[in-house]
Amino acid sequence: MALWMSWEVSPIASAGEDVGDIEGAVEALDQSVRRIQERATPPGHAAVLDESARAVRDLMLSDGRAAVERGERWTAKVGEVEVTLTPRT
């Protein structure tokens, strides 16, 4: 199922994109977080951001997957990382 994914790492960056499935959404989040960690994160903050992203990733693969399979929009926020998944028909 195709999805629209939007994400935000407050207050650093936000974006949205079409992804093919939950795994694609997780990969897009991981890539974005890595870019932010490399370019815009103060020393010591990368580990905190990584932990928040890991928690959101786990939620995406469980609760998020279940919600979009039911055709529902889903959002989760942990720390500075927020992700919204919207099923595309």
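Note that this is a predicted model, so its numbers are computed, not measured. (Residues numbered from 1 in each chain as written. Predicted model: local features only at pLDDT ≥ 70, side-chain atom pairs only at ≥ 80, totals over all residues. Heavy atoms only, no water.)

**A closer look at the pattern of salt bridges**
Quick reminder of the rule: The salt bridge definition used is simple: a Lys or Arg side-chain nitrogen within 4 Å of an Asp or Glu carboxyl oxygen. The numbering of helices and of strands both runs from the N terminus, where a helix is a DSSP run of H or I of at least 4 residues and a strand a run of E of at least 2. Three exposure classes are used, based on accessible area relative to the maximum for each residue type with a 1.4 Å probe and protein chains only: buried under 20%, partly exposed in between, and exposed over 50%.
Across all of its chains, the model carries 6 salt bridges by this definition. Ionic pairing is found between Arg 54 and Asp 58, a salt bridge with its closest N-O pair at 2.7 Å. In this pair, Arg 54 and Asp 58 both sit in helix H2 (residues 45-69), 4 residues apart, roughly one turn of the helix. The exposure class assigned to Arg 54 is partly exposed, which follows from its relative accessible area of 34%. Residue Asp 58 is classed as partly exposed on the basis of its relative accessible area of 39%. Each member of the salt-bridge network shares a partner with another, and the members are Glu 51, Arg 54 and Asp 58.

**Considerations on H2**
Keep this limit in mind: Multiplying one less than the number of residues by 1.5 Å gives the expected span of a helix.
Taking 1.5 Å as the rise per residue, H2 with 25 residues should run 36 Å; its terminal C-alpha atoms sit 34 Å apart, in good agreement. Within H2, burial applies to His 45, Leu 49, Ser 52, Ala 53, Ala 55, Val 56, Arg 57, Met 60, Gly 64, Ala 67 and Val 68. Gly 71 lies just past H2 and shows a positive phi near 85°.

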